[in-house]
Amino acid sequence: MKAIRRFTVRPVLPDPLQPLSDLARNLRWSWHTETRELFQAVDPVAGGTAECDPVRLLGAVSAGRLAELARDEQFLSRLTEAAADLREYLDGPRWYQEQHAQGDGLPAAIAYFSPEFGVTAALPQYSGGLGILAGDHLKAASDLGVPLVGVGLLYRHGYFRQSLSRDGWQQERYPVLDPNELPLTLVREADGTPSQVVLDLPGGRSLHAQIWQAQVGRVPLLMLDSDVEDNAPGEREVTDRLYGGGSEHRLLQEILLGIGGVRAVRTYCRLTGHPDPEVFHTNEGHAGFLGLERIRELSGTGLDFDSAVESVRAGTVFTTHTPVPAGIDRFDRELVARHFGDDGELPGVAVDRILHLGMETYADGDPGVFNMAVMGLRLAQRANGVSTLHGAVSREMFAGLWPGFDAPEVPITSVTNGVHAPTWVAPEVYRLRTESGGTPGRWDAAAEIPDRQIWELRRTLREQLVTEVRQRLHASWLTRGAQAAELGWIDGVLDPGVLTIGFARRVPSYKRLTLMLRDRDRLRGLLLHPERPIQIVVAGKAHPADDSGKRLVQELVRFADDPRVRHRIVFLPDYGMAMAQKLYPGCDVWLNNPLRPLEACGTSGMKAALNGCLNLSVLDGWWDEWFEPDFGWAIPTADGSALDEERRDDLEAGALYELIEDRVAPRFYDQGEEGLPGRWIEMVRSTLGTLGPKVLADRMVREYVERLYTPAARAGRSLDAAAARELAGWKARVRAAWPRVAVDHVEAVTPTEAGGSAELGSTLALRVRITLGSLDPDDVEVQAVAGRVDSADAISDAQVFPLKPAGGQDLEGRWLYEGPLALDRTGPYGYTVRVLPAHRLLATGAEMGLVAQPTEATGEGAGVLMR
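Residues numbered from 1 in each chain as written. Predicted model: local features only at pLDDT ≥ 70, side-chain atom pairs only at ≥ 80, totals over all residues. Heavy atoms only, no water.

Student: Hey, could you run me through the overall build of the chain in this one?
Tutor: Looking only at helices and strands, one finds 27 helices and 28 strands in the chain. Over its C-alpha trace the chain gives a radius of gyration of 30 Å, about what one expects of a compact globule, namely 29 Å for 867 residues. Relative to its full complement of 867 residues, the chain shows a buried share of 57%. Contacts in the chain between residues far apart in sequence, at least 24 positions, make up 73% of those at least 6 positions apart. For the chain, the exposed area adds up to about 34,500 Å²; of that, 49% sits on carbon and sulfur atoms. When the 92 positive and 120 negative side-chain charges of the chain are each reduced to one mean point, those points stand 3 Å apart. (Helix = DSSP H or I, 4+ residues; strand = E, 2+ residues; numbered from the N terminus. Rg over C-alpha atoms; globule rule 2.2 N^0.38 Å. Buried < 20%, exposed > 50% of the residue type's maximum accessible area, 1.4 Å probe, protein only. Contact = heavy atoms within 4.5 Å. Areas by Shrake-Rupley, 256 points an atom, 1.4 Å probe, with all protein chains shown as cover. Lys, Arg positive; Asp, Glu negative; His and termini not counted. Charge placed at Lys NZ, Arg CZ, Asp CG, Glu CD.)

Student: Even after reading the chapter, I still don't get the sheet that holds strand β16 (residues 534-539), so can you show me in this structure?
Tutor: Two orientations exist for strands paired in a sheet by backbone hydrogen bonds: parallel and antiparallel. The strand order across the open sheet built from six strands is β17-β16-β15-β18-β19-β20, with neighbouring strands paired in parallel fashion. At either margin of the open sheet sits one strand with a lone partner, and together these are β17 (569-572) and β20 (632-635). Within this sheet the neighbouring strands show an average axis-to-axis angle of 20°, counted without direction. Relative to β16, strand β15 (residues 499-504) runs parallel, the two being bridged by six bridges. (Pairing = 2+ DSSP bridges. Axes fitted to C-alpha atoms, helices over the stretch in contact; angles between N-to-C directions.)

Student: Mind showing me how you'd approach the environment of Val 55 here?
Tutor: Positionally, Val 55 belongs in helix α3 (residues 54-60). Once the C-alpha coordinates of Val 55 and Leu 23 are considered, the two residues, 32 residues apart in sequence, prove to be 9.4 Å apart. Residues within four places of Val 55 in sequence aside, it is in contact with Ala 24, Arg 25, Glu 181, Leu 182 and Pro 183.

Student: I'm lost on the side chain of Arg 25 in this one. Help?
Tutor: Take Arg 25: it is sitting in helix α1 (residues 19-25). There is no salt bridge for the buried Arg 25, and the closest opposite charge comes from Asp 53, which lies 7.9 Å off by N-O distance. Reaching out from Arg 25, the side chain makes a polar contact with the backbone oxygen of Leu 184 at a distance of 2.6 Å. (Salt bridge = Lys/Arg side-chain N within 4 Å of Asp/Glu carboxyl O. Polar contact = N/O pair within 3.5 Å; in protein donor to acceptor, adjacent residues only side chain to side chain.)

Student: In this structure, what is going on with the packing of aromatic side chains? I would like to understand it.
Tutor: Aromatic ring pairs are described here by two measures, namely the spacing of the ring centres and the angle between the planes. Counting across every chain of the model gives 18 aromatic pairs. Relative to Tyr 584, the ring of Trp 424 lies with its centre 5.7 Å away and its plane at 75°, an arrangement referred to as edge-to-face. Here Tyr 584 lies in helix α21 (residues 577-586) and Trp 424 lies in helix α16 (residues 421-424), a separation of 160 residues in the sequence. For the pair formed by Trp 424 and Tyr 584, the shared burial category is buried. (Phe/Tyr/Trp six-rings, centres within 6.5 Å; stacked < 30°, edge-to-face > 60°.)

Student: Would you explain the nonpolar core in this entry?
Tutor: The nonpolar side chains of a soluble globular protein tend to be buried with one another. Of all hydrophobic cores here, the largest spans 104 residues; its most connected members are Leu 499, Met 516, Ile 536, Leu 616, Trp 633 and Trp 680. Take this core: its biggest share by element is ten residues, from helix α24 (residues 645-669). Setting aside anything within four residues of it in sequence, one finds Met 516 in contact with Phe 503, Leu 523, Ile 536, Val 538, Leu 556, Ile 569, Leu 591 and Tyr 657. Formed by 97 residues, the second largest nonpolar core is a distinct cluster that contains Val 151, Phe 289, Leu 719 and Tyr 817. (Core = buried A, V, L, I, M, F, W, Y, C linked by side-chain atoms within 4.5 Å.)

Student: What is the right way to look at helix α5 (residues 73-91) in this model?
Tutor: One full turn of an α-helix is made of 3.6 residues, so residues set three or four places apart face in the same direction. Taking 1.5 Å as the rise per residue, α5 with 19 residues should run 27 Å; its terminal C-alpha atoms sit 27 Å apart, in good agreement. Taken as a whole, α5 has its buried residues at Phe 75, Leu 76, Leu 79, Ala 82, Ala 83, Leu 86 and Tyr 89. Down the axis of α5, the buried set is contained in an arc of 150°. They therefore lie on one face. Facing away from the buried side of α5, by more than 90 degrees, are the exposed residues Glu 73, Gln 74, Thr 80, Glu 81 and Asp 91. Sitting at the head of α5, Asp 72 places a side-chain oxygen 3.1 Å from the backbone nitrogen of Gln 74. (Expected span 1.5 Å × (residues − 1). Arc of directions from axis to C-beta.)

Student: Would you mind going over the pairing of β20 with me for this structure?
Tutor: Along a regular strand, successive side chains alternate from one face of the sheet to the other. Across four bridges, the pairing between strand β19 (residues 614-618) and β20 is parallel. Its bridge partner being in β20, Ser 617 is matched across the sheet by Ala 634. In this fold, the crossover linking β19 to β20 by way of helix α23 (residues 621-626) has right-handed handedness. (Right-handed = clockwise from strand over helix to strand, strands pointing away.)

Student: What's the story with the confidence of the model for the chain in this structure? I'm lost.
Tutor: Residues shown with low pLDDT carry predicted positions that ought not to be read at fine detail. For the chain, the average pLDDT comes to 92, and 95% of its residues sit at 70 or higher. Considering only residues more than four positions removed or in separate chains, one finds that residues 860-867, a stretch of pLDDT under 50, has 37 contacts. (pLDDT = per-residue confidence, 0-100.)

Student: I'm lost on helix α26 (residues 697-718) in this one. Help?
Tutor: Here α26 contains 22 residues, and its C-alpha end-to-end distance of 30 Å stays within 8% of the 32 Å for a straight helix at 1.5 Å per residue. Remark: the principal bend of α26, roughly 40°, maps to Val 705. Here α26 has its buried residues at Ala 697, Arg 699, Met 700, Val 701, Tyr 704, Val 705, Leu 708, Tyr 709, Thr 710, Ala 712, Ala 713 and Ala 715. (Bend = angle between axes of the 7 residues up to and from the residue.)

Student: It is not clear to me how the pattern of salt bridges should be interpreted in this structure. Could you clarify?
Tutor: A side chain with one charge may pair with a side chain of the opposite charge, provided their charged atoms come close. Going through the model one piece at a time under the given rule, you end up with 55 salt bridges. Put simply, Asp 574 and Arg 161 hold a salt bridge, and the shortest N to O gap is 2.6 Å. Note that Asp 574 is positioned in the loop between β17 and α21 and Arg 161 in strand β3 (residues 161-164), a separation of 413 residues in sequence. Under the relative-accessibility criterion, Asp 574 is labelled buried at 15%.

Student: Sorry, what's going on with the side chain of Gln 125 here?
Tutor: Secondary-structure assignment places Gln 125 in the loop between β1 (110-113) and α7 (129-144). The exposure class assigned to Gln 125 is buried, which follows from its relative accessible area of 0%. Of note is the side chain of Gln 125, whose polar atom sits 2.7 Å from the backbone nitrogen of Tyr 155. With sequence-adjacent residues up to four places away left out, Gln 125 is seen in contact with Glu 116, Phe 117, Leu 153, Leu 154, Tyr 155, Gly 158, Leu 177, Met 223 and Leu 242.

Student: Please clarify how the packing of helix α18 (residues 451-479) against helix α25 (residues 678-691) should be interpreted in this entry.
Tutor: The description of two helices packed together rests on the angle between their axes and the distance between the axes. Contact geometry of α18 with α25 gives a least axis separation of 10 Å together with a crossing angle of 85°. Between α18 and α25, the crossing angle belongs to the class labelled roughly perpendicular. Facing Asp 451, Ile 454, Trp 455 and Arg 458 of α18, the residues of α25 in contact are Trp 680, Ile 681, Val 684 and Arg 685. Its residues assigned to classes, the contact of α18 with α25 shows five nonpolar, no polar and three charged. (Parallel < 35°, antiparallel > 145°, perpendicular 65-115°, else oblique. Nonpolar A, V, L, I, M, F, W, Y, C, P; charged D, E, K, R; others polar.)

Student: Can you help me understand the packing of helix α2 (residues 33-42) against α5 in this one?
Tutor: Close contact between α2 and α5 brings their axes to 10 Å; oriented N to C, the two are set at 150°. The orientation of α2 with respect to α5, classified from their angle, is roughly antiparallel. Crossing hand, α2 versus α5: left-handed. On α5, the residues touching Glu 37, Leu 38, Ala 41 and Val 42 of α2 are Phe 75, Arg 78, Leu 79 and Ala 82. (Left-handed = near helix turned anticlockwise from the far one by under 90°.)

Student: Would you take a moment to explain the pairing of β17 for this structure?
Tutor: Going residue by residue along β17, you find Ile 569 and Phe 571 tucked away on one face and Val 570 and Leu 572 tucked away on the opposite face as well. As defined by bridge partners, β16 adjoins β17 across four bridges and the pair is classed as parallel. Residue pairing in the sheet places Val 538 in a bridge with Phe 571 of β17. Regarding topology, helix α20 (residues 547-560) serves as the crossover connection from β16 to the parallel β17, and that connection is right-handed.

Student: Would you mind going over the state of the cysteines with me for this structure?
Tutor: Working definition of a disulfide: a covalent bond connecting the sulfur atoms of two cysteines. What the rule picks out here adds up to zero disulfides. Here Cys 587 stays unpaired: no disulfide links it, and the sulfur of Cys 613, its closest cysteine neighbor, is 5.6 Å away. We note that Cys 601 lacks a disulfide partner, and the nearest cysteine sulfur, in Cys 613, lies 16 Å from it. Judged by relative accessible area, which is 3%, Cys 601 ranks as buried. (Disulfide = S-S within 2.5 Å.)

Student: I would appreciate a short explanation of unusual backbone geometry in the present structure.
Tutor: Excluding glycine, most residues fall at negative phi; most peptide bonds, likewise, are trans. In the segment running from Arg 596 into Pro 597, the intervening peptide bond is cis, with an omega of 5°. Relative to the elements of secondary structure, Pro 597 occurs in the loop between β18 (589-592) and α22 (604-609). A positive phi angle, near 55°, is found at Tyr 243, a position not held by glycine. Here Tyr 243 shows up in the loop between α8 (233-236) and α9 (247-272). Positive phi, normally seen in glycine, also occurs at Arg 512, with a value near 55°. Its location among the elements puts Arg 512 in the loop between β15 and α19 (520-527).

Student: Is there a simple way to explain the environment of Glu 463 in this structure?
Tutor: Within the element layout of this structure, Glu 463 appears in helix α18. Along the sequence, Glu 463 and Asp 495 sit 32 residues apart, while their C-alpha atoms lie 8.0 Å from each other.

Okay, here's the thing in structure tokens:
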């Protein structure tokens, strides 16, 4: 019989075991080894599984076992120690508090919004890298003491679980998640009733959501859940699945995340006394509507729309994670319009003002869509990509929002992602570093580890991976319909002594899951090499609606099913955090071969590196930034050429095979008299000691605090209501007057030599006449921009030289500006002059996207040839 209703019966812990409840409810256990080992001792069988959840474990353990533990003095001593350690972790001062004590003007709190969070396998609210990055961001913020509040949605079905059919086709299932069985607590009002946020929908409908809280160390993570009785059936399903449903369904999710998320933060702060956030961080465009809710809040204080926009922008940080326009959420303009205004959210605010925030006003933009990333950039004074290369790609991609500026000057910076070491470093690696004198902050201790210990560690981790792979492969084949009697071959899958390559990630086409299959005979030769074989472990999920991605999975699976090679290459379904935590440490080489430059960052290789796994990757994302031959190998690419995709893939696959055959495998198997591959071990040591500190999430979060959060907090404080009105009014005045701003004449008072040359180290004295119309010199900045020029006179590697007013207006109403231009480089050199808006409250001169430059007929020639 099937139950008509489901509920959870919670265990009653004996008094001596009460601290177990607090330890289970704080997700710090997911990265704190001692606490995990404590729960493993509660039930050595269930507690030892990779996806162990202490909340579920305590709900399943017998009363007899609990009574036994309550009398176990050794266990109680460990429990007391773990509880005290957690209290010290939660209450003691950390890096942020030390910085705050120095008066650095740090924000009182930061709200961090993301559509997904990968904190632990026990809370499956993530699909891939974006969510894992968000989870690592929260954990690192907790370790550093950063007062972050995470905001997301609680998906009752999470992301899908993946299995395979007999013929290798991806199949999806969506298990129901009961929040009462997860490490979550319902946020309640003082009278005990569940707190709710309510959104207005078209047609007089409402969307209600309750707020669940996960405690991620010191960081609260608020998750909105629409599966409440106050909602109609359609509204209850808004938070059913991560990245599921049609366009309107996704729009409602993002309205709930952004607008409802701000209301959830306000509710949480009201109930707990937590400081209100001074900075709002939008992790990708999905949460961009949070800016609209903050505009609504400010409008209620008497600020007009434009002034409220300026105030919101000052305290907002926007992070883009996509390197391609196709990866951005774009909604039909009319669909968005229906959900706002007097018949939806933000009544009293003109819908056209809202729509303009997401309008693609640049060349080739579609006026019929609402672009979430465009809105995110317009409502954030500070924006960043997630690697140095991705920052450059983002500046190119969004340059149309700042017309008149070259891509390098587009105000999008970069903060390279990092990964949370305590989550991803295998306990064996951590212990070896610690035993060698290292601490979590001292990665250089790897230099002191003897070669044999490093090699034995790599062997141990490889053996663990082999065991894990065989168990998962056996379970997968049973799901595919095989009988246990025909699976004896799995006991011989993989060899702990063979060079092991890992490849695991989402399966969009640009990540090229099947690049390794371009020449199958050559791959088989590598797998079955008599002296230097390789073995490959592959995992990955295609989006449920992506049949092309599913075909790639099936192609890989069918190759791996071949009896000739199935002991050397495997595909593991249902890739997730629990699998990844075994996979990264157990591989010797981590493979990444995307189409460059379409990998924004690629943090899986970082996690592998923290465990001494070497990277074999295209120079994309973070690897483009930090690659050195000591850390691994760079796969040559054919990007930038006129080759078609098929030819490009053939060339890059050939380069991959050649690297493995000629350089990677020989180095692994080149073992000296003591049976140790000295050059390989030295690469592992360099990866641990030199690359390790760079890829840490605490480095990333410190950069966010210092370069983005603190400046945003200061800007927000400086933009009170009066300043916001001043800035909005000034911008309106400048925009109206700008068509009449012009550079009328440019001359170099100190002439160049005959032939248009000048000596290195000499100086040009520039005189420029500017028409400002109704603007004053205080409204603008006049600059000379100089640098090397190409054959088309385009300036590169530019330097900016400010020019200063020299007297008042002439008889024709023009303003004279002067200044020196130092010639400090040889070769073809050129300069130009431009006028930018200038105001003390602007973050950059490019912020408004306005610039006036000389026409071809203005003044003297702008080119100078240096020798």
